[in-house]
Amino acid sequence: MGLTPKMIPWFLLLSLFTAIPLSSSQPNAPPPLSPDADLCNGVFVSYTYKTGSKIKPNDTKNQPYRFESEITVLNNGRDELKSWSVFVGFSHREILVSATNAVLAEGSSFPVSVENGTTFAGYPSADLKSAIMTAGDVTQMQARVELVGTQFGVAPPNIPLPKNITLLNEGWLCPKSTQKGTNVLQVCCTPDPNNKTVPLGEKFIPRQEGDLTIMYDVTKAYKSKYLAQVTIENHHPLGRLDNWKLSFLWMKDEFISYTKGAYPNVVDSSDCIDGPQGKYYQDFDFSSVLSCARRPTIIDLPLNKYNDSTLGLKPFCCRNGTILPPSMDPSKSKSVFQMEVHKMPPNLNISAISPPQSWQIRGNLNPEYKCGPPVRVSPSQFPDPSGLPSNWTAFASWQVVCNITQPATPSCCVSFSSYFNESIIPCKTCACGGCSSNRVARTCSTTSPALLLPQQALLIPFENRTKLTTAWADVKHWKLPDPLPCGDNCGVSINWHLATDYRGGWTARITLFNWGETDFPDWFTAVEMKNAGPGFEKAYSFNGTTIEINGKNNTVLMEGLPGLNYLVGERDGKNPSKDFRVPGKQQSVISFTKKLTPGIKVGSGDGFPTKVFFNGQECSLPSALPTNNGHKRHISTLLLMVLPFLAFLILWV
């Protein structure tokens, strides 16, 4: 007997409700876009807070909460948006746990603190096509990035929105982002009319400029592996790397079988043997594989490996990780190495190549670099190795652009002194950090200004200066803080001494002290003289020249003369049981003329640098300058007798 509509059994009705899920109850349904997205004739970017909840531990002052949000990037423009990049100004001490369809452009891995904001770059799809190119196919025009993380202090139903959100791609103008409702932050970015856009259908965007660039060139490609050449090139006049360490993140289980011109800092194939690589490459000899780490770290080779037929014989390799600024030596401003990379299913065809993401590069006592994502560019060309007058082209090329950022705590500091003042203004208290522990806070003051020093204290390690500096304060009738200030904790300090000031010019003396155990070959220092730079004449014991930075020719670059370009580390004194340890030291007098800088006030500030750099890193400056107070420096006969006696007592007590 047939079923009529009036006689549909209850179990069939139930099956209909269970088979057709209601869209309102789907937990992964994307939030609807604002109507403003349709009105945006550019790139529409939005941040939508979806949900949040309280998580453990319970804390009345610092309660953590889970949050789930989504970033949407929609290309409503006329041209393709290549390698999209979006900055989100998080402001609630957020810790990001995961992100889909994007990577963090600065190279960090999850979980990561993003309380000061962070930049997202599209991955695996970095380009967003236009409606013109796709006949309005939104799936090719749009990227959705789902975020999961932890924030502190904003309890539901309050919503922890970022301070701002913006598109970072060159050639786009973004106004201040606006809030829509309670949970959406959005902005519509429009093309910059002064920018030359990439022509419609152009395959690659132009190569970008930066302080340092990394080229990832695939020179040979096979079904299951490829050969890549990595070129690190320094473009900043004061940028530098010593003992560089380069790391990146494989996204598809790749591994490195061999390298030339560089080497992994840890050789280990166990992750392959125990992972999916070992299951797929069952007949592969993993004993010769160099690295199966998802984030390998690559280091340069020593000088003696340059002619090694297995590891070396690559131009621009094997320099102990030293990359100099082009202003010092253009031939030493880049490093090159090669590596063979094996791929994994389903990417086993010759064109399925995915470059590593999240690039990071660091040096020893050097500037810090923040690197962007790899961007596909036109294939690099290289001179034909056979010597023929032609170039051969790479299979594919990606560019990573890195720019210098100032570290929170420097590794070098500066002291000031002058012919018209008997005391040295030392490096700041805790100038290079190292004062955060409770043990340090109990033994010295992290906030008291550093004590003024007599001249001979410069050569004495901080831990041995106490008697001399307190005796100097007693002679000067200065009140001492209790406890005494902590040290500067810097590995390198630089003293700038204003030596003379006369009608036609003036002179200064610069002294470099190395308090660490690391020697610095091919060192350099640079001083920015805001008003006096054009008057630079000569550095008598260094090679010195003025260089242009940011369009201003007021920075003096100095390096050691041939044979004297080695700043040694701290060493024991002649009698270690009695003598203080002795820092490595380099010194030179510098002369300036006033002909090109009329009206400068040397003693009132123009004779002191406004910025000082050592090996590319900006050093901490004192918070005050030496004062004259209307009197030239006059050392009384009593002081001339007392100071040597004090020094004698300190050395023998």
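As a starting point, this report considers the structure included with it. (Residues numbered from 1 in each chain as written. Predicted model: local features only at pLDDT ≥ 70, side-chain atom pairs only at ≥ 80, totals over all residues. Heavy atoms only, no water.)

## Considering the packing of aromatic side chains
Aromatic ring pairs: the centre-centre distance and the angle between the two ring planes describe each pair. Applying the stated rule across the entire model yields 21 aromatic pairs. With a centroid separation of 4.8 Å and 90° between ring planes, the pair formed by Tyr 280 and Tyr 281 is classed as edge-to-face. Among the residues examined, Tyr 280 registers a relative accessible area of 41% and is labelled partly exposed. Joined through ring pairs, the aromatic side chains of Tyr 216, Tyr 226, Phe 248, Trp 250, Trp 359 and Trp 398 make up one cluster. Lying across the ring of Phe 316, Lys 334 places its NZ or CZ 4.4 Å from the centre. Taking the ring centre of Trp 398 as reference, the NZ or CZ of Arg 376 above it sits at 5.0 Å. (Phe/Tyr/Trp six-rings, centres within 6.5 Å; stacked < 30°, edge-to-face > 60°. Buried < 20%, exposed > 50% of the residue type's maximum accessible area, 1.4 Å probe, protein only. Lys NZ or Arg CZ within 6 Å of the ring centre and 35° of its normal.)

## Notes on the layout of surface pockets
Taken as a whole, the second largest pocket spans an internal volume of roughly 530 Å³. Taken together, 24 residues line the second largest pocket, and the ones lying closest to its centre are Pro 124, Ala 126, Asp 127, Arg 376 and Trp 398. Mapped onto the lining of the second largest pocket, the elements with two or more residues apiece are β22 (375–377) and β25 (396–405). Residue contributions to the lining of the second largest pocket reach at least three from each of two domains, namely domain 1 (35–191) and domain 2 (212–406). (1 Å grid on protein atoms, 1.4 Å probe; cavity = no way out; pocket = protein on both sides within 12 Å on 5 of 7 lines; lining within 4 Å. Points joined across faces, edges and corners; volume = space filled by probe spheres on them. Helix = DSSP H or I, 4+ residues; strand = E, 2+ residues; numbered from the N terminus. Domains from an automatic or database assignment.)

## Observations concerning the pattern of salt bridges
Considering all chains together, one arrives at 13 salt bridges under this definition. The residue Asp 36 makes a salt bridge to Lys 180 at a minimum N-O spacing of 3.3 Å. One end of the pair, Asp 36, is in helix α2 (residues 36–39); the other, Lys 180, is in strand β11 (residues 178–180), with 144 residues separating them in the sequence. On the basis of relative accessibility, which here comes to 38%, the residue Lys 180 falls in the partly exposed class. Connected via shared salt-bridge partners are Glu 80, Lys 82 and Lys 129. (Salt bridge = Lys/Arg side-chain N within 4 Å of Asp/Glu carboxyl O.)

## Things to note about helix α8 (residues 466–476)
Those residues of α8 that fall on the buried side of the exposure criterion are Leu 468, Thr 469, Ala 471, Trp 472 and Ala 473. Positioned one or two residues after α8, His 477 has a phi angle of 60°, which is positive.

## A word on the sheet that holds strand β31 (residues 524–528)
If you trace the five strands from one edge of the open sheet to the other, you get β33-β34-β31-β37-β38, paired in antiparallel fashion. Unpaired on one side and paired on the other, β33 (542–549) and β38 (617–618) mark the two borders of the sheet. In the sheet, β33 pairs with strand β34 (residues 552–560) via seven bridges, with the strands oriented antiparallel. Within β34, the position partnered with Ile 547 by the bridge is Thr 555. (Pairing = 2+ DSSP bridges.)

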